[in-house]
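Fold and contact review
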Amino acid sequence: MNSNTGTKSYARALTIAGSDPSGGAGLQADLKTFSALGVFGTTAIVAVVDENTQGVYGVHPIPDDFVAGQIRSVLDDIGTDAIKIGMLHSAPLIRTVLATLRSYPDVRNIVLDPVMVATSGDPLLQPEAIGTLRDELIPYCRVITPNLPEAAMLLGHEISRPEDMPDAARDLSALYPGEKVSVMLKAGHFGLEAEAGERELKAGDTLTDVFYNAESGRVSQLSSPLIDTRNTHGTGCTLSSAIAAHLALGYGLDEAVAKGKNYLAEALAAGAPYAIGRGHGPVNHFYALWK
């Protein structure tokens with residue numbers, strides 16, 4: 001409530017991401033997540049992506065200066081309490097987004113999903129942009145949410161066992177001494193290996209993500225059941241935007257991450273019985289509202 005005018009204020013979150021026409025990932029997933037969690041969502045579109053549940057068929061970039069204009073238009077007028085950053089396909093775009101955000105130093109609840117590869121396996125980040133993302137943008141973020149392949153690309157080595165994840169999360173944060181970059185390291189690819197028969201895990205077993213809070217130096221292990229579902233399209237987008245939404249709502253870092261993880265787990269479980277598309281369908285973002 002604004003005491004001067006008697007009007008109410010929304011918690012606000014901005015997503016800087018690509019558009020997914022199938023509605024399961026990208027800024028569409030972010031907006032659904034923000035809305036489901038009671039946060040007013042705004043967008044800066046970085047690319048129009050030709051994709052569906054089966055794959056990515058093309059990426060049409062928005063000019064970098066136009067992306068910067070969208071960010072400024074939102075922040076100069078509406079403002080924001082948190083920012084989620086998704087797919088940034090090129091080094092120049094990464095630098096443009098970073099330079100634009102630096103001109104709003106009060107906005108520091110920045111959650112980065114370092115998107116490099118789609119759920120379908122299609123690459124979404126130009127190879128030469130990986131170093132720019134790692135060395136320039138990540139140090140400016142409060143939280144990053146890599147999956148295991150993304151973390152391996154950033155660290156330069158594989159993470160082959162679940163028990164290696166706490167050290168890997170610490171090592172990722174340690175790449176940025178003094179910057180307090182926290183790491184939510186997602187274990188989902190161990191589950192994908194289980195589905196392919198390469199591990200002994202089965203539906204109902206536990207997958208444990210690891211969160212390293214660089215601000216407190218603590219490691220948390222966040223577990224949820226492995227769900228037998230093909231509907232995993234946009235899970236990374238949904239988790240990072242859920243964390244951003246909870247930061248926008250005023251939760252502390254550990255609680256925002258735990259609540260974001262719980263929201264995704266429940267959306268995955270609720271979406272499992274549905275069939276949408278011929279490939280990897282979406283989670284059920286509105287499971288608490290749709291009956």
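It should be emphasised that the depicted structure is a prediction, and the values quoted were computed from it without experimental measurement. (Residues numbered from 1 in each chain as written. Predicted model: local features only at pLDDT ≥ 70, side-chain atom pairs only at ≥ 80, totals over all residues. Heavy atoms only, no water.)

Concerning the environment of Arg 278
- Its location among the elements puts Arg 278 in the segment after α9 (253-271).
- The class of Arg 278 is exposed, set by a relative accessible area of 72%.
- For the pair Arg 278 and Lys 261, spaced 17 residues apart in the sequence, the C-alpha separation amounts to 26 Å.
- Leaving out residues up to four positions away in the same chain, Arg 278 has contacts with Thr 53, Gln 54 and Arg 230. (Helix = DSSP H or I, 4+ residues; strand = E, 2+ residues; numbered from the N terminus. Buried < 20%, exposed > 50% of the residue type's maximum accessible area, 1.4 Å probe, protein only. Contact = heavy atoms within 4.5 Å.)

A short note on the sheet that holds strand β1 (residues 12-19)
- Strand order across the open sheet formed by nine strands is β3-β2-β1-β4-β5-β6-β7-β8-β9, with mixed pairing between neighbours. The outermost strands of the open sheet, each flanked by one partner alone, are β3 (56-61) and β9 (218-225).
- The pairing of β1 with strand β4 (residues 82-85) spans four bridges and is classified as parallel. From the neighbouring strand, Ala 13 faces β4, where its bridge partner is Ala 82.
- Docked against the sheet, helix α8 (residues 235-248) engages β1, β4, β5 (110-112) and β7 (182-185), running at close to 170° with respect to β4. (Pairing = 2+ DSSP bridges. Axes fitted to C-alpha atoms, helices over the stretch in contact; angles between N-to-C directions.)

Comments concerning the side chain of Thr 229
- You can see Thr 229 is positioned in the loop between β9 and α8.
- Here Thr 229 falls in the buried class, since its relative accessible area comes to 8%.
- Polar side-chain contacts of Thr 229 include one of 2.9 Å to the backbone nitrogen of Asn 231. (Polar contact = N/O pair within 3.5 Å; in protein donor to acceptor, adjacent residues only side chain to side chain.)

Quick word on the pattern of salt bridges
- One pass over the structure, following the stated rule, counts eleven salt bridges.
- For Lys 186, the salt bridge goes to Asp 113, with nearest N and O atoms at 3.7 Å. In this pair, Lys 186 is assigned in the loop between β7 and α7 (188-195) and Asp 113 in the loop between β5 and α4 (129-137), connecting sequence segments 73 residues apart. Neither Lys 186 nor Asp 113 differs from the other in exposure class; each is buried.
- We note a salt bridge from Asp 209 to Lys 261, for which the minimum N-O separation is 2.8 Å. Separated by 52 residues along the polypeptide, Asp 209 in strand β8 (residues 206-213) and Lys 261 in helix α9 bring together distant segments of the chain. Across this residue pair, the class does not change: Asp 209 and Lys 261 are buried.
- What emerges from the salt-bridge pattern is a single network uniting Arg 161, Glu 163 and Asp 164. (Salt bridge = Lys/Arg side-chain N within 4 Å of Asp/Glu carboxyl O.)

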